[in-house]
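# Analysis of the macromolecular model
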Amino acid sequence: MPPPPPWLSVFPFCDSRLVRTQQTTFQIDIASDIVSSMVVGSLKLWTDLVVEGFQKSLRVGKFLCLLHAIDTYVCTPVLPYGPSMLPTLNSTGDLVLVERVSTWLGKVGRGDMVLLRSSEDPRKTLIKRIVGVEGDTVTYLVDPKYSDASRTCVVPWGNVWVQGDYIYNSRDSRTFGAVSYGLVEGKLFWRIWPLKSFGSLHGKAKEDS
Amino acid sequence: MGTRSLLWDITKKYLTVGLVGLTISDRYASIVSIRGSSMSPAFNPGSDTNDYVLLEKFCLDKYRFSDGDVVVFSSPNNHKEKHIKRIRALPGDWIETPNLDVLKVPEGHFWVEGDNSVSSLDSRSFGPIPLGLIRGRVTHIVWPPKRMDRVERETNQRLSPIQDRPKFY
């Protein structure tokens, strides 16, 4: 019996050797053998394909679930955009990592840069720095561009007071008031891009103004 | 060696199931129980049992809600607490506050009230709430079985005209 050709594993029902060995028996046997081997072979091929495809997609699904869990409960990359955090973060082209654990544990405090869901438009997220936590008295310049007028207020319970580092061009708690802690989604802790300033963001606290 | 690999297999299986469950409950739907009587005619009509409800999360993609939806949100004063109430007004609507002045709901906020207004802690005490605090919308009651039903969106005639509202002086 000659060795099987390499394509035989793909189309097992085309095995001509099978037919040749049976030429000595009845013609009807040959025909039924061909038909049955074709049917069985193609069926097996299809079930194999389906099973393999199912397993592969299951694996992809599991991987996506893992990604989601890491993204929502551990950390996530963020591309900050806009001038409001200017001395610390560039207005465009940065890549930073946001961790979710300390928000979840309630350990976000004064001086931390946070990612938060905007209270004015829930589809947007903002990056600001926490200036005061619940119970703090915050004094802020109302409109530093044009006047020195300042105002003082107390941050209510369960809320935080957030401001941008670049107070001249930042829409923050000075416009929309203190925000609920529930809107805080994570704390910025590591900068990836630009590579020149790769590293931790913890020490990068803004000097008191 | 054999028991160790068996243990590892079991842990892996549980971990996978947990991850998949977590993803589904975060992104698509989850089941929560309701305590308290603040939504009393709709949920927990008798005080002895807790209702379990299906909470869908698709609405969090676009934050599109309508008047009368029942939503679960974290309390604006304490992020660890979750409340379930009915939306009464959306951004731009006018609403009457308990001290009888009329207020326009600000952009990105909503106004909630419990169905059982006597024992309900809602927007009448803490004002408009940011939409970003919403954690999901209640669509079905799943337990107990005899109360299994859809949750109707109740744009209530009783509550929208200000004059018909019961007033307590």
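Residues numbered from 1 in each chain as written. Chains lettered and ligands numbered in written order. Predicted model: local features only at pLDDT ≥ 70, side-chain atom pairs only at ≥ 80, totals over all residues.

## Some points on the overall build of chain A
As a reminder of what qualifies: By the criteria applied, helices consist of DSSP H or I runs no shorter than four residues and strands consist of E runs no shorter than two, each listed in order from the N terminus. Working definition of burial: number of other C-beta atoms within 10 Å of the residue's own, with buried at 20 or more, exposed at 12 or fewer, and partly exposed in between, all C-beta atoms being placed from the backbone. Two residues qualify as a contact pair if the distance between their C-beta atoms, derived from the backbone, is within 7 Å.
In terms of regular secondary structure, chain A is built from four helices and 10 strands. Helices and strands in chain A line up, N terminus first, as α-α-β-β-α-β-β-β-β-β-α-β-β-β. Put simply, chain A has 209 residues, and 24% of those count as buried. A sequence separation of at least 24 residues applies to 49% of the contacts in chain A between residues at least 6 apart.

## Some points on the UniProt feature "domain: Peptidase S26" (unreviewed entry) in chain A
Residue and element names in this part refer to chain A. Convention followed: UniProt positions are given in the numbering used here, feature names are shortened, and annotations may be inferred rather than shown by experiment.
The residues that UniProt annotates with the feature "domain: Peptidase S26" (unreviewed entry) are residues 63–140 and 151–193. With 21% helix and 33% strand, residues 63–140 has end C-alpha atoms that lie 47 Å from one another. From the first C-alpha to the last, residues 151–193 spans 37 Å; its make-up is 9% helix and 49% strand.

## What about the pairing of strand β3 (residues 113–117) of chain A?
Strand residues, when the strand is regular, have side chains that alternate between the two faces of the sheet. Residue and element names in this part refer to chain A. We count it as follows: Being paired, for any two strands, means DSSP has found at least two bridges between them.
Of all the five residues making up β3, five are buried; the element is thus mostly covered by neighbouring parts of the structure. Going residue by residue along β3, you find M113, L115 and R117 tucked away on one face and V114 and L116 tucked away on the opposite face as well. Where β3 meets strand β4 (residues 125–132), five bridges bridge the pair, whose relative direction is antiparallel. Directly across from L115, in β4, lies its bridge partner I127. Pairing between β3 and strand β9 (residues 184–193): three bridges, direction antiparallel. Its bridge partner lying in β9, V114 is registered against K187.

## Quick notes on the interface of chain A and chain B
In plain terms, the rule: Under the convention adopted here, Pro, Cys and the residues Ala, Val, Leu, Ile, Met, Phe, Trp and Tyr are nonpolar, Asp, Glu, Lys and Arg are charged, and Gly plus all remaining residues are polar.
Contacts between the two partners involve 19 residues from chain A, matched on the other side by 19 residues from chain B. Considering each element in turn, the side of chain A that touches chain B owes the most residues, six residues, to helix α2 (residues 27–73) of chain A. Broken down by class, the residue content of the side of chain A that touches chain B amounts to seven nonpolar, seven polar and five charged.

## Quick look at the UniProt feature "active site" (unreviewed entry) in chain B
All names here are of chain B. If you check UniProt for "active site" (unreviewed entry), the listed places come out as S38 and K85 in our numbering. The greatest C-alpha distance among the annotated residues, which extend across 48 residues, is 7.9 Å, indicating that they converge on a single site. Note that S38 resides in the loop between β1 (29–34) and β2 (51–56). Dropping the residues within four chain positions of it, S38 is found in contact with G114, N116, S119, S120 and L121. Mapped onto the fold, K85 is located in strand β4 (residues 82–89). For K85, a count of 23 C-beta atoms within 10 Å gives the class buried. Leave out the neighbours within four places in its chain, and K85 touches V71, V112, E113, G114 and D122.

## Examining the UniProt feature "active site" (unreviewed entry) in chain A
Residue and element names in this part refer to chain A. As recorded in UniProt, the feature "active site" (unreviewed entry) lies at S84 and K128. Annotated residues spanning 45 residues; largest pairwise C-alpha distance 7.8 Å, indicating a single compact cluster. Positionally, S84 belongs in the loop between β1 (75–78) and β2 (95–99). The contacts of S84, once residues within four sequence positions are left out, are G164, Y166, N169 and S170. Structurally, the position occupied by K128 is in strand β4. Setting aside residues no more than four positions away along its own chain, K128 makes contact with V114, L116, V162, Q163, G164 and D172.

## Describing the confidence of the model for chain B
Residues and elements named next belong to chain B. How we decide: Each residue carries a pLDDT score, the predictor's confidence in it, ranging from 0 to 100.
Residue-level pLDDT values for chain B average 84, and 91% of them are 70 or greater. In the predicted structure, residues 157–169 sits below a pLDDT of 50 and forms four contacts with residues beyond four places in sequence or in another chain. Note on the complex model: pTM 0.77, ipTM 0.79.

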